[in-house]
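Per-entry structural report
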Amino acid sequence: MKNVTCRPERMAATENEDALLLRDLIAGDEWAFTELYRRRRGEIYRFAFAMTRSAALAQDVMQDVFLRLLEDATRFDPSRGTVRAWLLGCARHVVLDRLRVESRWTAEATADDGPSAPCPAEDTVFAEQRLAQLHAAILSLPMEYREAVALCEIAELSYAECATVLGCPIGTVRSRLHRARALLARRLTGIDDRKAPLRRVNEVCG
Amino acid sequence: MTRRPIEELVIGYARGEPMDIEELERLRAECTASAAVASDVRAQEELTRRLAALRDAMRVPKAAPVDDERLLESFRAAHARRQISRRRLRLGVRAAGLAASVAAVAVAATLYRIEGGRMSEGVSVRATDTDASALSAPGSAAQSVPEPVVFYPLPFSPGVSPGASYSVVRVRIPVSSFPVVYAAEPYASVEADILLGPDGIPAAIRFIDPVEVFVTAAADLKER
């Protein structure tokens, strides 16, 4: 973004600083908005991408969340959680709305992994395939489990923050995540056991 | 303290969650005793590694400067909208305060007039002898009236005879009794002099402040 000035006293990022940035943002501080965007867009993007496996959709969600932030920033209540959890809560609503509209509960057929990269080495292809398998396994989980994995494992939220986002007790988050992980481990072990033959590099890259 | 199930310990260990020594020793013992538990631990550790790799692979693509600029534009627009709505809110509060003040003043004035009317009720009807020359020189009939106004003959009255003796009676008439005059205050009244004939029948009337009465009546008629 343009016009971003470096303010060393504000660069020490802490969770509490988000609330201060939000306060400044409401007062019209453009720098505060840019800084909050810079700090939190990665998590929102990762969460949205983990939930949809579409780079374009994840970017749309990220933009939507920050546009909503502009309208609803005054609704943030610090007693109910952190800014980070609040933003991811917004992202969750946007993602669920989009998925409902686009009926993309699974993205296997329409997966959009962004622009095609230059032809990588075979190791890279192997690693990417493993990641793709994992991502497909995450997308095949029931929605509650998928949310728990995306929030706790991909966006790296604590159980408490995840509980705030999902609006359920911490124990529920923990049990959902544990069931999701058990399912994922079982599915991935099954895939690995089948030892599906890897496609050659030239097949992958066309 | 309740004992956590071994599956929970396995996942907690693989995720690097804090565990107390007792739980750690229990997990180690279970791993040694059961190949299935040991396999679960390995699978969960592998899953943690893969999830970390997936997380690292999910990098935000560099947004087009146009998108960022559009977002900043949206920020500026949203801020401007918020400023306008705040200004409108402040104006609204001020207007409401002003309206409340005006209403309070109007109520106070009405109350004051009603109270004044009650106090003067006892003396409002007074009779003074006069003659028919009051018709041509109304100022001489009531000395308290600053500007003399003419008497208007009342419809269906016997009329005014120049030679007859008349009495002038000052009355306060409720505005609501007029068929065409609608005042803002329902209990408002108008002062008038009634010219009573020798038989006691009203023959003519004059309003102390006729302009107010007829202008209001005309305005109301126009509105209707």
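Worth saying up front: this structure is predicted, and the values here are computed from it rather than measured.

When its secondary structure is counted, chain B shows five helices and five strands. Traced from its N-terminal end to its C-terminal end, chain B shows the element sequence α-α-α-α-β-β-β-β-β-α. Per-residue burial for chain B yields a buried fraction of 13% across its 224 residues. The contacts of chain B with a sequence gap of at least 6 include a subset with a gap of at least 24, amounting to 64%.

This brings us to unusual backbone geometry. All names here are of chain A. A positive phi angle, near 60°, is found at Arg 53, a position not held by glycine. Inspection of the secondary structure puts Arg 53 in the loop between α3 (30-52) and α4 (55-72). The class of Arg 53 is buried, set by 23 C-beta atoms lying within 10 Å. If you check the backbone angles, Glu 156 has positive phi at about 60° while not being a glycine. Take Glu 156: it is sitting in the loop between α7 (143-154) and α8 (159-166). You can call Glu 156 partly exposed: it has 15 C-beta atoms within 10 Å.

Chain A puts 32 residues into the contact, and the matching count from chain B is 24 residues. Ranked by residue count, the leading element in the side of chain A that touches chain B is α3 of chain A, at eight residues. Among the residues forming the side of chain A that touches chain B, the class breakdown is 16 nonpolar, eight polar and eight charged.

About the criteria used
- Residues numbered from 1 in each chain as written.
- Chains lettered and ligands numbered in written order.
- Predicted model: local features only at pLDDT ≥ 70, side-chain atom pairs only at ≥ 80, totals over all residues.
- Helix = DSSP H or I, 4+ residues; strand = E, 2+ residues; numbered from the N terminus.
- Buried ≥ 20, exposed ≤ 12 C-beta atoms within 10 Å, placed from the backbone.
- Contact = placed C-beta atoms within 7 Å.
- Nonpolar A, V, L, I, M, F, W, Y, C, P; charged D, E, K, R; others polar.

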